[in-house]
Structure formats: C-alpha cells, structure tokens
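A closer look at the structure
What follows is each chain in one-letter form.
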Amino acid sequence: PLSIAREIENQSTIDGLAPVAAKINKIITILIREGAKASTITRIITEINDRLIKRALQIIEAKTGRPPVPYCWIVFGSEGRKEQTFRTDQDNAIIYEGRPEAAKDAERYFDELGTGMKDALARCGFPPCRADCMASNAKWRQPLDVWKRYFSEWIGEPTPESVLRSLIFFDFRPIHGDLLLAERLRAFLGRELRDKSRFFSNMAGVILRNRPPLDLFGRISCAKTGAHKGRFDIKVNGLGPIIDMARFFALERQVYHTSTIERLAEVKDRGSAMGTFSDDLTQAFESLMSLRLRHQYRQVQEWTVPDNLIDPCGLGAMERTMLKESLKLIITAQDAVVKKYGSSTMR
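Residues numbered from 1 in each chain as written. Predicted model: local features only at pLDDT ≥ 70, side-chain atom pairs only at ≥ 80, totals over all residues. Heavy atoms only, no water.

1. What about the packing of helix α4 (residues 38-64) against helix α6 (residues 103-123)?
Note the threshold: Here an angle of 0 to 180 degrees is reported between the N-to-C directions of two axes, which are lines fitted to C-alpha atoms, with helices fitted over the stretch in contact. Only runs of H or I of at least four residues qualify as helices and only runs of E of at least two qualify as strands under DSSP, and these elements are numbered from the N terminus. Should an angle lie under 35 degrees it is considered roughly parallel, over 145 roughly antiparallel, and from 65 to 115 roughly perpendicular; all remaining angles are considered oblique. Helix crossings fall into two classes, left-handed where the near helix is turned counterclockwise from the far one by less than a right angle and right-handed where it is turned clockwise. Contact definition: two residues touch when any of their heavy atoms are within 4.5 Å.
In contact at an axis separation of 10 Å, α4 and α6 are set at 135° when each is read in the N-to-C sense. By the criterion of interaxial angle, the relationship of α4 to α6 is oblique. Two packed elements cross with a definite hand, and for α4 against α6 that hand is right-handed. Every residue of α6 that contacts α4 at I53, A56, L57, I60, E61 and T64 is listed here: Y109, E112, L113, G116, M117, A120 and L121.

2. Side note on the packing of aromatic side chains
Let me state the cut-off plainly: Pairs were defined over the aromatic rings of Phe, Tyr and Trp, the Trp ring being its six-membered one, requiring ring centres within 6.5 Å. Orientation was assigned from the angle between planes: stacked under 30 degrees, edge-to-face over 60, tilted for the rest.
Counting across every chain of the model gives 21 aromatic pairs. Measuring from ring centre to ring centre gives 4.5 Å for F76 and F169, while their planes differ by 45°; the resulting arrangement is tilted. Here F76 is found in the loop between β1 (71-75) and α5 (77-80), whereas its partner F169 is found in helix α8 (residues 160-169), with 93 residues between them in sequence. Ring plane angle 75° and centroid distance 5.5 Å describe the contact between F199 and F200, whose orientation is recorded as edge-to-face.

3. Points about the state of the cysteines
The condition is simple: We call a pair of cysteine sulfur atoms a disulfide when they lie within 2.5 Å. Only protein chains enter the accessibility calculation, which uses a 1.4 Å probe. A residue is then buried if its area is under 20% of the maximum for its type, exposed if over 50%, and partly exposed in between.
Applying the stated criterion to the full structure yields zero disulfides. Between C129, a free cysteine, and C133, which holds the nearest cysteine sulfur, the sulfur-to-sulfur gap is 4.5 Å. The class of C129 is buried, set by a relative accessible area of 13%. C222 takes part in no disulfide bond, and the closest cysteine sulfur, belonging to C313, lies 6.9 Å away. With relative accessibility at 18%, the residue C222 sits in the buried group.

4. Looking at the pairing of β1
The condition that has to hold: Each pair of strands is called paired provided DSSP finds at least two bridges between the two strands.
The element β1 is extensively covered by neighbouring structure, given that five of its five residues are classed as buried. Residues Y71, W73 and V75 line one face of β1 and the alternating positions C72 and I74 line the opposite face, and both faces are buried. Looking at chain direction, β1 and strand β2 (residues 92-96) are connected through five bridges and run antiparallel. Of the residues in β2, the one forming a bridge with W73 is I94. Note that β1 and strand β4 (residues 173-177) share four bridges and pair antiparallel. Residue pairing in the sheet places W73 in a bridge with H176 of β4.

Below you can see the structure in the form of structure tokens.
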C-alpha cells in the first residue's frame, strides 16, 4: 500500500495514474490471502482510492487553473462509507462557495472539472454511476446554499424519491479542497434532522422493505429463474439492511461517522434501539463483507468481472451456517425497528 501511495503521488498525468490504479486489486488479493479482516481491507482500499482521487483532481486543476471560488470534492455510496471492494462505481459531487459575482465562472470551471474527473476516473477503472450521481451532472455540483436546500426539501417532504436520495447523499465524505464546506453542510444536516419523526418514519419504511432472503423454514431464498438463478445478492440483501439500519440510527442520534462499523460502535452508547444489536451486527457485517470479498477474489482469479451474487450451495458448511445466522440476526434487528416505529413502516 505504501509503495502504491508513493507511485500515485509521483504521477503528473492521468495516463500515469491509470496503470497505478490497476495495481490496487493486487493489494486486495494479497490481503485476502493473508487473512486480513474485511474492515482492514476496505479501509486500505479507501485510503489508496482517496489518494488517487486527490491526485487526479490536482492534475486536472493544474490544467484548468485556480478555481474561482473555494470548493470541496465529496464522495458518497460505498466510497463515502469507506467500504469499497474490487469494483466500485463513481459516486461524487462538488460543493462550492456561492459568490454571485463569480457565479458564471464557477459554473464553467466546475463543469470542466466534473467532466474531466468523470473521464479520468473511468480511465483509472472506476465506471461512471449508472444513475448519473456524479459531479459531471450539473445538479450535483452546486453552491453550499443549494445543497442545504436539497437536504431541507428531502427531509421536509420525505417522498419515496426524497428518502432514496437521502440514503445515497447522507453518506457524503469530503476528499479534497475546502473541507469546511462539507462540515458546514453536515452541521446543517444535523440541525435539520432534529424532531423530524415523519422523515425517520418514512425512511424506516423504505429501508425495512429490504428483508434478508430467508424463508419460513430458515432457508436462503435465491432467484428461481433467469441469469441469477440459484444465487442472491449479498450486497443488496445481506450487507444493505445493516448499512441502512446503521445509517438510520446514526442520523437519528446525530452521529457524524459515515462508515457502518463506526456508526454501529457510536450508536451503541447513545441509547439507540440499535444499541443491543450493535456488537452482533458488527460481527455479521464483517462476516458478510468477508464472504463478499472472497467471492470477488475468486472471480478475479478466474478473470471474471466481480459481482455480488452468491450461490449458497457453493459455500462450505460453516460459511452457510454463518450466512444464515447473520441473516436471522438482521431480521431480528429489523423487527426491533418495526416495534419502535410501528407496523406501518413495513407497508
């Protein structure tokens, strides 16, 4: 990792960064072979990817010139939560200081920066976000006041679409630039969320619809037909519910961490309904992430594009038992949320 970090710092072009980025997967395979914890692996991946993004921004800034106003490059999704694995899409945005006299220059500059970063990251192995949640999209490069308005609207009118936006963007983490802009937005978010029971009730309703795939007999339910027959998505249906619950209670209890494990540790001591499940959910998260990483590692070794589709029949007896117990725990934790917020959240 240190060697690659130094290589990243020594590059002066995007063409130079691309082959260095390709080495990141080699680090993951070494760490997996050595039995490193999943959280350790994802933390190292995040640190290297952060350095790569910063260097790419510096290279593009050197070409485009000094920004007309201070700005902050933020990331969200798995990158914002420090939970990246072998294959990660781009999820990023720009917050900048709003100055009326520099508005046109700022729009022009950040359009060029956002588009340039989209292309640069794609060349470094980060495919563009299919939902277009990137700084290349004008909607996601805005002055701080506009971001505050976005957050206020999503919280004040928690439609299903607004809640889904919240699930994505409230995991934001600053990477480069004037980091204070991001912290000001986070402080605003904390204030806006106070006493917003309707928002939290609607968010609970959205996240609790994603139940782990266990049938009444405790068996893992997989797709019956199609390309995914006999498999289930461990990211969406296994890790996803833990990520969503940890985010939910972190936002409710004014916890500003973005990683799932840090959120679970923090809410444990803050009187949250999640507190009694925190340690067990942390272990479940580690186990599921480890299973996901090993699955993707085998695919990389076979020159297959990594995915998150697990075949339970292909697991060993201990792995299947661990998987079932983790999914049972998630259902129990979800039921505790239902108990607190009412059965209407499951509709």
